Amino acid sequence: MPKRRSNSPKKKQQPKDRSRSRSRDEENNGTSKNSNNRLLFAAVLGAVAAVTAYYWRNDAEDTPWQPRPSDAYAPLKKISGVLIEDFVPQRIIDELRYQLMDAVNGTCAAPTMVCFDPARVDVATGEAASLLPPWLANATAAEVVERPGASHCVQGIKEADAHAATASVSFVSSRDEFVAAKAVERAVQSAVGLPGSHGLFQQLLYYPEGAPGYASHRDCRDDAAAAAAAAGGAAPQERAFTTLLYLSDNASGDTDFPTLRVSIKPRAGLFVAWRSLKNSKCDPASTHAAGPVLVTDAPKLVLQRWYERTPYLPGPNAHGEPWTRCSLGEDGSVDSCRTYCASQRARAASDALRFGMEAFTAHKSGLDPDARAAAVEALSDALSLLPGLSLAQVLLAHALYDGAEIDEARICDLCARFLADYPSLKGVSEDAEVMLEELQCDGGLVERHRSLALHEIAAARGRPRAA
Ligand SMILES: O=C(O)CCC(=O)C(=O)O
Ligand SMILES: [Fe+2]
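Residues numbered from 1 in each chain as written. Chains lettered and ligands numbered in written order. Predicted model: local features only at pLDDT ≥ 70, side-chain atom pairs only at ≥ 80, totals over all residues. Heavy atoms only, no water.

**Focus: the site of ligand 1**
Near ligand 1, the surroundings consist of Tyr207, His217, Asp219, Thr255, His288, Ala290, Lys300, Gln304, Trp306 and Arg338. Take threonine 255: an N or O atom from its side chain is 2.5 Å from an oxygen atom of ligand 1. Between ligand 1 and lysine 300 there is a distance of 2.8 Å, counted from an oxygen atom to a side-chain nitrogen or oxygen. Within the complex, 98% of the 290 Å² of free accessible area of ligand 1 lies under protein. Listing elements by their share of the shell around ligand 1, those giving two or more residues are β14 (288–290) and β15 (300–308). Among the elements that make up the shell around ligand 1, the one with the highest residue count is β15 (three residues). Of the residues contributing to the shell around ligand 1, the split by class is three nonpolar, four polar and three charged. (Near = heavy atom within 4 Å. Polar contact = N/O pair within 3.5 Å; in protein donor to acceptor, adjacent residues only side chain to side chain. Areas by Shrake-Rupley, 256 points an atom, 1.4 Å probe, with all protein chains shown as cover. Helix = DSSP H or I, 4+ residues; strand = E, 2+ residues; numbered from the N terminus. Nonpolar A, V, L, I, M, F, W, Y, C, P; charged D, E, K, R; others polar.)

Following this line, the structure appears as structure tokens:
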């Protein structure tokens, strides 16, 4: 017999009623309906917001930052910087290096689109503005397109020319894509208190020998209004902290903090982190640059991650085909070109997630009777590719919960996994908790998933490398 249960979680109205056998008619009236509306609102709005802005956020919560005093790095004191050597065991570094090099030689290898920020190409005429670099001399012959989230782009660039533009490569991975990156996330949480739930995507950076580096900048934004506009009206990103884990030993390519007169030389296993915001403002002292890598040096490899002030739930990875973005230097010339790319697996998972979110929204709108099944299928696909994809976990739990015949064990597991990573994401975590309660899930499930995570920390922070 198919199980009957409430249409949506109802913690507030019926805290003690865990019955899953009431009829739908009974449920669809009075206070339950208000509760349904609240949850429907949270879920759908959240999904839509995630589609448009690629994240949910919670302004109520501040990011913790509690590094051990012994890890404080005095030269970066003004920005609460820490520096930790031998942050993770060599095997973690080896795996990350392997993933990055594999991407550089494979999925990231052939960017054919270069974008300028701000616009350097006239979309109407297709003419390149002045000060374009020589490799774009015949850009007018190429197709000029607009890319959401970037400015004007030139498409169809010859591969060799695009390679000339590739000053660095950012291989953008989901938080859970690689075991090694996940282990680093846990290590960061244990060392400086930054929970993974505040982290943006992880970036594996590659600067080839001879790369000019990355021009002086801050990772935060000064102008909240401009940032909101750039985010398409959604809440702007606020990168509050930056963490770097160097994966290579270099004689050049230092991370420089000109205001603080500090230079950090890359050394495999060296971890450095600092805060960019001071009293909620973008701190000028956090200005930094990646120095040029000498032609005689080895390529510089880094795992970089930004952390938001508040929890952040990533949506689909925005990077499809590899593409290159160039920013402008102070004199208006093009500098700091970087190629962005993601793995085939992450891209496939993102496509499934995007489709699943659309289907989920259609299901919640009540207009399409087949949408729920489509959402379940697509979100399950996304999770089979990237099991830790938190947004897919919580949406799939909701979609399954709304079905006539529910797989309680699966919903419990999805909610517990989600809550182990996102214990306090406004509106979303609460719903996951309500589902756990309504389904009378095993009370220790979340804790088990959490301790699994702690186990990963212990594994990540293994014995220091031999000198
Ligand atoms: O590679 C580095 O040393 C720093 C990179 C950086 O600052 C950035 O990508 O925002
Ligand atoms: Fe930076």
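**Remarks on the pattern of salt bridges**
Applying the stated criterion to the full structure yields 16 salt bridges. Here aspartate 254 makes a salt bridge to lysine 265, at a shortest N to O gap of 2.9 Å. Here the residue aspartate 254 occupies a position in the loop between β8 (239–246) and β9 (255–257), and lysine 265 occupies one in the loop between β10 (262–264) and β11 (271–275), the gap between them amounting to 11 residues. Residue classification places lysine 265 among the partly exposed residues on the basis of a relative accessible area of 41%. The residue aspartate 351 makes a salt bridge to arginine 354 at a minimum N-O spacing of 3.2 Å. A residue pair is termed a helical-turn pair when its members lie 3 or 4 positions apart in one helix, as aspartate 351 and arginine 354 do in helix α7 (residues 344–365) at three residues. Of the residues examined, arginine 354 reaches a relative accessible area of 27% and is grouped as partly exposed. (Salt bridge = Lys/Arg side-chain N within 4 Å of Asp/Glu carboxyl O. Buried < 20%, exposed > 50% of the residue type's maximum accessible area, 1.4 Å probe, protein only.)

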